[in-house]
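Structural description and commentary
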Amino acid sequence: MLEILKLIFSDTISVFTIMNPLSVGVIMLSLLQDDTTAEEIKGIAYKASKSILIALVIIFFIGQYIFKFLGVSPDGLRVFGGLILLIMGINMVQGHGKKVNHSTKEQEAAGQREDISIVPLAIPVAVGPGLITTVLNMSVVAADWQHYLSGSVAIIICCVSSYFILGRMPYIKMRLGVNGLRVFNRIMGLVVGSLAAQMILAGVSKFL
């Protein structure tokens, strides 16, 4: 039981750090109209979190089989994925924030749409290359039912947390302020960089 709890805690930290709901929330607020009500924000948060959950579950359970079909080795995925996360971590530590992964025109169009919860908020803002890589790595290293259980529980915990954070983002942003969000983002960057280093070392060690 203790081993499963350790796995759940480790997977939850990995997914939550890369997902970074606070940064996603800041982007969400930038896409919304000024007159958007609290109830509408909660609705967007619910739909976005549900979309994130569905996407991550699909990636977690079938992602490794797609890579096996393509002939990509797990260690190659770890090295390349680690490099992606390393770049993300460096950007976060330097205060560049979360990349939105879509063009300016698409962002402007998103702001004019009535529903931004799925595109671009869930995908590709939340479920971007870094999070996809992280969940794929969890899928690759899953060797038994304990790993699949811990990964599934971690994804659910992170998506539920994402719903509560996104739904209360106006209040959180007001309380933390711009500087508070920047400090949090940089701390997350240190964790992301550390996870990236571990992935790269784990992948490279298999080739030595």
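Everything quoted here is computed from the prediction, not taken from an experiment.

1. Looking at the overall build of the chain
Along the backbone of the chain there are nine helices and zero strands. When its helices and strands are written in sequence order, the chain yields α-α-α-α-α-α-α-α-α. Relative to the 2.2 N^0.38 estimate, which gives 17 Å for 208 residues, the radius of gyration of the chain is 17 Å and therefore close to what a compact globule would have. C-alpha atoms of the chain, sized along the principal axes, occupy 55 × 35 × 35 Å.

2. Describing the packing of helix H2 (residues 21-31) against helix H9 (residues 169-205)
Relative orientation of the contacting elements H2 and H9 amounts to 120°, with a least axis distance of 10 Å. By the angle class used here, H2 and H9 are oblique. For the pair H2 and H9, the sense of crossing is left-handed. Every residue of H9 that contacts H2 at Leu22, Ser23, Gly25, Val26, Met28 and Leu29 is listed here: Met169, Pro170, Ile172, Lys173, Leu176, Leu181, Phe184 and Asn185.

3. Topic: helix H4 (residues 74-93)
For an α-helix, 3.6 residues make a turn, and residues three or four places apart therefore share a direction. With 20 residues, H4 should cover 28 Å at 1.5 Å per step; its first-to-last C-alpha distance of 28 Å lies within 8% of that length. When we look at burial in H4, the residues that qualify are Asp75, Leu77, Arg78, Gly81, Gly82, Leu85, Gly89, Asn91 and Met92. Those residues of H4 that are buried are in contact with helix H1 (2-19), helix H3 (38-70), helix H7 (129-141) and H9. Of the residues flanking the end of H4, it is Gly95, one or two places downstream, whose phi is positive at about 85°.

4. Regarding the packing of aromatic side chains
According to the stated counting rule, one finds five aromatic pairs in the structure shown. Between Phe60 and Phe61, the aromatic rings sit 5.0 Å apart at their centres with planes inclined by 75°, giving edge-to-face as the arrangement. Here Phe60 falls in the buried class, since its relative accessible area comes to 1%. What makes Phe61 partly exposed here is its relative accessible area of 35%. Ring pairs connect the aromatic residues Tyr46, Tyr163 and Phe164, which therefore count as one cluster.

5. Describing H3
Across its 33 residues, H3 extends 45 Å between first and last C-alpha, which sits within 8% of the 48 Å expected from 1.5 Å per residue. Where H3 bends most, the angle comes to about 50°, and this point is Ile62. Count one or two residues on from H3 and you reach Gly71, which has phi positive near 80°.

6. Remarks on the nonpolar core
Across soluble globular proteins, you tend to see nonpolar side chains buried next to one another. Counting residues in hydrophobic clusters, the biggest one holds 45 residues, and the most contacted among them are Met28, Ile52, Leu56 and Leu131. Ranked by the residues each element gives to this core, the list is headed by H3, at nine residues. Excluding its chain neighbours within four sequence positions, the residues that come into contact with Leu56 are Val15, Met19, Val127, Leu131, Val135, Ile155 and Cys159.

7. Brief notes about the confidence of the model for the chain
Per-residue pLDDT for the chain has a mean of 88; in total, 91% of the residues score no lower than 70. Per-residue pLDDT, averaged within each element of the chain, yields its smallest value for helix H5 (residues 104-112) (52) and its largest for helix H8 (residues 145-167) (97).

The rules behind the values
- Residues numbered from 1 in each chain as written.
- Predicted model: local features only at pLDDT ≥ 70, side-chain atom pairs only at ≥ 80, totals over all residues.
- Heavy atoms only, no water.
- Helix = DSSP H or I, 4+ residues; strand = E, 2+ residues; numbered from the N terminus.
- Rg over C-alpha atoms; globule rule 2.2 N^0.38 Å.
- Axes fitted to C-alpha atoms, helices over the stretch in contact; angles between N-to-C directions.
- Parallel < 35°, antiparallel > 145°, perpendicular 65-115°, else oblique.
- Left-handed = near helix turned anticlockwise from the far one by under 90°.
- Contact = heavy atoms within 4.5 Å.
- Expected span 1.5 Å × (residues − 1).
- Buried < 20%, exposed > 50% of the residue type's maximum accessible area, 1.4 Å probe, protein only.
- Phe/Tyr/Trp six-rings, centres within 6.5 Å; stacked < 30°, edge-to-face > 60°.
- Bend = angle between axes of the 7 residues up to and from the residue.
- Core = buried A, V, L, I, M, F, W, Y, C linked by side-chain atoms within 4.5 Å.
- pLDDT = per-residue confidence, 0-100.

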